[in-house]
Amino acid sequence: MLPNPLIPGFNPDPSIVRADDAYYLVTSSFEYLPGIPVYRSTDMVTWEHVGNVITRPEQAGLENVSTNGGVWAPTIRHRDGVFYVIVTIAMSSRGCVVFTATDPAGPWSDGTTLEGVGGVDPDLAWDDDAAYVTYSGFMLNGPEAGRHKGIQQVRVDLEAGKALEEPRPMWSGTGLKAPEAPHLYQRGDHWYLLIAEGGTERGHSVSIARGPAPEGPFVGHPANPFLSARGTNRPIQNTGHADLVSTPDGDVLVMLGMRPLGGLQSFSPLGRETFATSLTWVDGWPYAEPVRLAPRPGTEEELFRFADATVLAGPGWLSVRATPAETATVADGRLSITGTADLDHPHVRFLGRRQRHMTSTFTTVVDARSGKGGLASRYDEHHWFALEAHGTTITAKAHLAGLAQSWQIEVPPGEIELRIETSPPPAAAMGEVTGGDRIRLYAGDTLVTELDGRYWTAETCASFTGRVTGMYASGGTVSFTDFRYTGRES
Ligand code: 6LW
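First, a word on what this report is: a plain description of the structure on this page. (Residues numbered from 1 in each chain as written. Predicted model: local features only at pLDDT ≥ 70, side-chain atom pairs only at ≥ 80, totals over all residues. Heavy atoms only, no water.)

### A closer look at the overall build of the chain
Moving on, step 1. For the chain, the helix and strand inventory stands at 3 helices and 39 strands.
Moving on, step 2. Burial analysis of the chain (490 residues in total) assigns 61% to the buried set.
Moving on, step 3. Pairs at least 24 apart in sequence give 57% of the contacts found in the chain among residues at least 6 apart.
Moving on, step 4. A total accessible area of about 18200 Å² is found for the chain, and carbon and sulfur atoms account for 50% of it. (Helix = DSSP H or I, 4+ residues; strand = E, 2+ residues; numbered from the N terminus. Buried < 20%, exposed > 50% of the residue type's maximum accessible area, 1.4 Å probe, protein only. Contact = heavy atoms within 4.5 Å. Areas by Shrake-Rupley, 256 points an atom, 1.4 Å probe, with all protein chains shown as cover.)

### Brief notes about the sheet that holds strand S25 (residues 285–288)
Moving on, step 1. Read across the sheet, 4 strands follow the order S20-S21-S24-S25 without closing on themselves; strand pairing throughout is antiparallel. Edge positions in the sheet fall to strand S20 (237–247) and S25, since each of these pairs with one other strand and no more. Each strand of the sheet is rotated relative to its neighbour by a mean of 35°, with strand direction disregarded. (Pairing = 2+ DSSP bridges. Axes fitted to C-alpha atoms, helices over the stretch in contact; angles between N-to-C directions.)

### Re the sheet that holds strand S2 (residues 22–26)
Moving on, step 1. Taken in spatial order, the 4 strands make up an open sheet running S1-S2-S4-S5, and their pairing is antiparallel. In this open sheet, the two edge strands, each paired with only one partner strand, are strand S1 (15–19) and strand S5 (48–54). With direction set aside, neighbouring strand axes in the sheet form an average angle of 25°.
Moving on, step 2. Relative to S2, S1 runs antiparallel, the two being bridged by 5 bridges. By the bridge assignment, Ala19 is partnered in S2 with Ala22.

So this is what it looks like as structure tokens:
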């Protein structure tokens, strides 16, 4: 059985392709750089983060994208030795962009904007004669911003970077809201159009239709939506935004899902993660097993000592609207960040990693004798908490949609270890609202404060992202050693 989450932590909107006896999977990254993580596996069980599609600022133009803007929902495909990633860069001038590479680990091209393709969630498919982009007609820009035109499709000229016709409406599901995440597949005599509908919240669902040609006409599966967790008490909710891949052991659907914690109201600290389930086909229609929780056992540990600057090239680092190399420098065994803005600013100097487990610790040793900064966990500029050092003062800060609270302690001069611990809520009586996870902020051995994590989750932050925790500076220059992560599932 496949591990689930397949790829834990902030990894929404997965797309997968099989090529050269390996599987490659990409996910959304929004305002973070590097963007569009590329994960590789040879067995669908063990996955390695091998690179990112967007590693250079000019590829995406993210510097001024709004919260939740940036890199939405990529599709990865492979044809004639070339890997393609097509993606909408939302609330940016780049629009729908196609990146190419011969090695998915990179480097990837600068990207070609496709004129005449609007909406979001673009898919790329070919028949013998043409290339097709099928996408969600949820218009983000222009005079039709906010309007949803259903699933749309155009033939495109990838070389010229333009649509070859006006968009045509396509089958758009069973009538649930927000038809999106379309993907086209040719299987035998049929073309299949897979979509998500119901919205990315608890009503998220996966539906499919089939027809004689890429442009249809399509007839819906009699069992649509054929995958959804809506109305169930399954530990994995919000399952939707799926992509299909064939493996030697049968067909697999990857999709986004969430692991909400709590009772009557439930909250998902890690945001939308990547999950998988197996498919069986009956009379030319797919049927999906429920998405079962099967976390990898044991404790995952990462330790980074900043011996040289190559550490910043590691694919798992994330910075906000700037690259890690623009955010931090490494010298003499220390990583330094110079900041001019706090975490409530779009251009905070931050270098972090995805929280990938419900039980986790992030630890760093900070020297803030010539600046202000420390260890922070962020959803976005409006929802974050942090341990900030400034000389001998440690301030724990919790920010939530304009509300802010802080706690302060004094420590001896010099370096200090900062630690953020998270864990699931204590077991509670039936039906009691236990909230999200529990968050503990330590400076050295002192517990500075404890927070109810429900307020920094996908449901409350209304963010498409997830928890990202790391080092930051809000003023002056702060230096760090020994960035550690440990994670496990209880
Ligand atoms: C994405 C859409 C969605 O474009 O959320 O879950 C949007 N569904 O398909 C951003 O992740």
